[in-house]
Amino acid sequence: MSEFNTSDFMDTMSTQVWTNGRHLVRCVKVIAETKDVTTFTFGMSEPVLFFFKPGQFVTLELEIDGERVMRSYTISSSPSIPYSFSITVKRVEGGLVSKWLHDNLKSGDQIAVHGPVGKFNCMDFPSDKVLLLSGGVGITPVMSMARWWFDTDSEVDMVFAHSARTPNDIIYARELEYMSSRVDNFQMHLICERNEIGQAWGGYRGYMNIHMLSLIAPDFMEREVFCCGPEPYMAAVRNMLRDAGYDMDRYHEESFGETPVKDVERAEKHADMAEEQEALDQDQETVQVSFTDAGVQVQVPVGTNLNEAAAQAGVNISKACGLGICGACRVQVTSGECDMDHGGGITDEEIAEGYVLSCCATVKGDVEIDY
Ligand SMILES: Cc1cc2nc3c(=O)[nH]c(=O)nc-3n(C[C@H](O)[C@H](O)[C@H](O)COP(=O)(O)OP(=O)(O)OC[C@H]3O[C@@H](n4cnc5c(N)ncnc54)[C@H](O)[C@@H]3O)c2cc1C
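Here the structure is a predicted model, which is why all the values come from computation and not from measurement.

It is at 12 Å that the axes of helix 2 (residues 139-151) and helix 3 (residues 173-182) come closest, and there the two elements cross at 35°. Pair helix 2 / helix 3 crosses with left-handed handedness. Listed contacts from helix 3 to Ile139, Met143, Ala146, Arg147 and Phe150 of helix 2 are Glu175, Leu176, Tyr178, Met179 and Arg182. Class assignment for the residues of the contact of helix 2 with helix 3 results in seven nonpolar, no polar and three charged.

Dropping the structure here:
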């Protein structure tokens, strides 16, 4: 950030606003939140306003051990502080990117990010009363929403219930307390699975259940719900709300996705599977997928996922969220057609130009891919 001349920020002529795309950003701050969660803040050398919808995410493009890898991370900061943006990353044991970020990324380093994108945001589902539910690092999108409403002095009535393993694992604990001490329309409730010996804990204990929810937000049936956390947590919340007769059209959730299998392993796995399947597929209709740049073709059954077809052909199409939302795996189909069930990571214009998100596109007939 030292390259900034702060007077530039006030110069509306030279200040840019970022839009969905690929951006080179510089890490300007690293903050340890808990023992295994760190926040990284990014800015640009020239003044840029990082506007996005609270809840949206970016996809980081990194080179680790000579390989290009992509992973999505929610923007945990709020667009109300627009000259920088932050991500908050939990170190996953055995995880490639989260561990790399924790061990390597420091202030001054430049990386590429794609985005911002994402349907899970509070601007597309406006409401006067909200219930923000999060588990672990799933706090990031709902924190961005809460920060936005708090910073903009919004009248949105917020109930924020966050579940953590232990009191020391509560991310943003002090900021949450600060926010709830300042305004009446932010009620915070913390739930810990357990507390370690020597840790005082006066909050809720155990796992979120309907009795707890009825105490936390007796009027939860009237609230728009935004939920993010580990899959078992979100499944429990969904079941709890459904059983209570909650209108699930007003329930929104963000999944941090399935565990991605490393590309090489995926290719090996698919090579094995391809052999096993060969006999079974004798009678099944197959189609040819050609990757024109790479100059390779592969024969796969109709309905095969395009990203998997690429792996079988030994072609590595970068993939991040695996849910059709981040747009990292976009490729152009130059001949033939695919079916696609995406999650909003591609525009109608791109689709009209023949682009598909390979993680959620399946082949219907012979296709040629410009990759
Ligand atoms: C929309 C979206 C938003 C997200 N937002 C956030 C966020 O705000 N904060 C956050 O922390 N995360 C977020 N994530 C998750 C993030 O993208 C990564 O998935 C996460 O950081 C793990 O990536 P990794 O590279 O460290 O782990 P990976 O290398 O992808 O590994 C993940 C898991 O697989 C296991 N694993 C890896 N390789 C093997 C192997 N060979 N054998 C067995 N097990 C293996 C690891 O032990 C680990 O448990 C988000 C994801 C999405 C899709």
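All right, on to the nonpolar core then. Nonpolar side chains in soluble globular proteins tend to be buried together. Residues Leu132, Phe160 and Leu176 are the most contacted members of the largest nonpolar core, which totals 27 residues. Contributions of two or more residues to this core are made by strand 9 (129-135), helix 2, strand 10 (157-164), helix 3 and strand 11 (186-192). For this core, the element with the highest residue contribution is helix 2, accounting for seven residues. Once residues lying within four places of it in the same chain are set aside, the contact partners of Phe160 are Leu132, Ser134, Ile139, Val142, Met143, Ala146, Leu176, Phe186, Gln187, Met188 and His189.

Moving on, we get to the confidence of the model for the protein chain. Averaged over all residues, the pLDDT of the protein chain is 89; the fraction at 70 or higher stands at 89%. Note that pLDDT drops below 50 for residues 259-264; the model gives that stretch seven contacts with residues more than four away or on any other chain.

What follows covers the pairing of strand 5 (residues 57-64). The buried count for strand 5 comes to seven of eight residues, which makes it a mostly enclosed element. In this structure, the hairpin formed by strand 5 and strand 6 (residues 67-74) is closed by a connection of two residues, where Asp65 is found at a positive phi of approximately 50°. Bridging between strand 5 and strand 8 (residues 110-117) involves four bridges; their strand directions are antiparallel. Across the sheet, Phe57 pairs through a bridge with Val117, a residue of strand 8.

Before going further, it helps to spend a moment on unusual backbone geometry. Each neighbour pair has its own omega, and for Gly115 with Pro116 the value is 5°, a cis peptide bond. The topology assignment puts Pro116 in strand 8. Residue Asp65 is not a glycine yet carries a positive backbone phi of 50°. Secondary-structure assignment places Asp65 in the loop between strand 5 and strand 6. Owing to a relative accessible area of 77%, Asp65 belongs among the exposed residues under this scheme. For Asp153, which is not glycine, the phi torsion reads 55° and is therefore positive. One can find Asp153 in the loop between helix 2 and strand 10. The exposure class of Asp153 is exposed, given its relative accessible area of 66%.

Once that is clear, we can look at the sheet that holds strand 21 (residues 367-369). If you trace the five strands from one edge of the open sheet to the other, you get 16-15-21-17-19, paired in mixed fashion. Looking along the sheet, the strands with just one partner apiece sit at the ends: strand 16 (296-301) and strand 19 (355-357). Taken pair by pair, the neighbouring strands of this sheet meet at an average axis angle of 35°, ignoring direction. As paired strands, strand 17 (residues 330-335) and strand 19 are joined by three bridges and run antiparallel to one another. Bridging across to strand 19, Gln332 finds its partner in Tyr355.

Near the ligand you find 25 residues, and of these Ser72, Tyr73, Glu93, Val97 and Ser98 are the closest. A distance of 2.8 Å separates an oxygen atom of the ligand from a polar atom in the side chain of Arg71. The separation between an oxygen atom of the ligand and a polar main-chain atom of Ser72 is 2.6 Å. Protein contacts shield 78% of the accessible area of the ligand, which totals 970 Å² for the unbound molecule. Contributions of two or more residues to the shell around the ligand are made by strand 6, strand 7 (85-90) and helix 1 (96-104). The leading source of residues in the shell around the ligand is strand 6, at four residues. Partitioning the shell around the ligand into residue classes produces ten nonpolar, nine polar and six charged.

On to the pairing of strand 9, then. Across the seven residues of strand 9, six count as buried, placing the element largely inside the fold. Looking at chain direction, strand 9 and strand 10 are connected through seven bridges and run parallel. Looking at the pairing, Lys129 lines up with Asp157 of strand 10. Taken together, strand 9, helix 2 and strand 10 form a β-α-β motif whose crossover is right-handed.

Conventions adopted
- In this numbering scheme, every chain counts its residues from 1 along its sequence in written order.
- Only residues with pLDDT of 70 or above have their local features reported here, since the model is predicted, and side-chain atom pairs are shown and tallied only from 80 upward, although totals for entire chains, interfaces and linings are computed over all residues.
- Excluding hydrogens and water, the side-chain values take into account all heavy atoms of the structure.
- Simply put, an axis is a line fit to the C-alpha atoms, just over the touching stretch for a helix, and the angle between two N-to-C directions goes from 0 to 180 degrees.
- In DSSP terms, a helix is any run of H or I states spanning at least four residues, a strand is any run of E spanning at least two, and both are numbered starting from the N terminus.
- For any helix crossing, the convention is left-handed if the near helix is rotated counterclockwise from the far helix by under a right angle, and right-handed if that rotation is clockwise.
- The criterion used for residue contact is that any of the two residues' heavy atoms lie within 4.5 Å.
- In this classification, Asp, Glu, Lys and Arg are treated as charged, Ala, Val, Leu, Ile, Met, Phe, Trp, Tyr, Cys and Pro as nonpolar, and every other residue, Gly included, as polar.
- Put simply, buried Ala, Val, Leu, Ile, Met, Phe, Trp, Tyr and Cys residues joined by side-chain atoms within 4.5 Å make one nonpolar core.
- Using a 1.4 Å probe on the protein chains alone, a residue whose accessible area is under 20% of its type maximum counts as buried, one over 50% counts as exposed, and one in between counts as partly exposed.
- Values of pLDDT, which run from 0 to 100, indicate the predictor's confidence residue by residue.
- Any two strands with at least two DSSP bridges between them are considered paired.
- Note on terminology: near, applied to a residue and a molecule or strand, indicates that one of the residue's heavy atoms is within 4 Å of it.
- As used in this structure description, the phrase polar contact means that two N or O atoms lie within 3.5 Å; if the pair is within protein, one of them must be able to donate a hydrogen and the other to accept it, and residues adjacent in sequence are counted only when both atoms belong to side chains.
- The accessible surface values rely on the Shrake-Rupley method and a 1.4 Å probe; as for residues, cover is taken only from the protein chains in view.
- Note on handedness: a clockwise path from strand one over the helix to strand two, with the strands aimed away from the viewer, defines a right-handed crossover.

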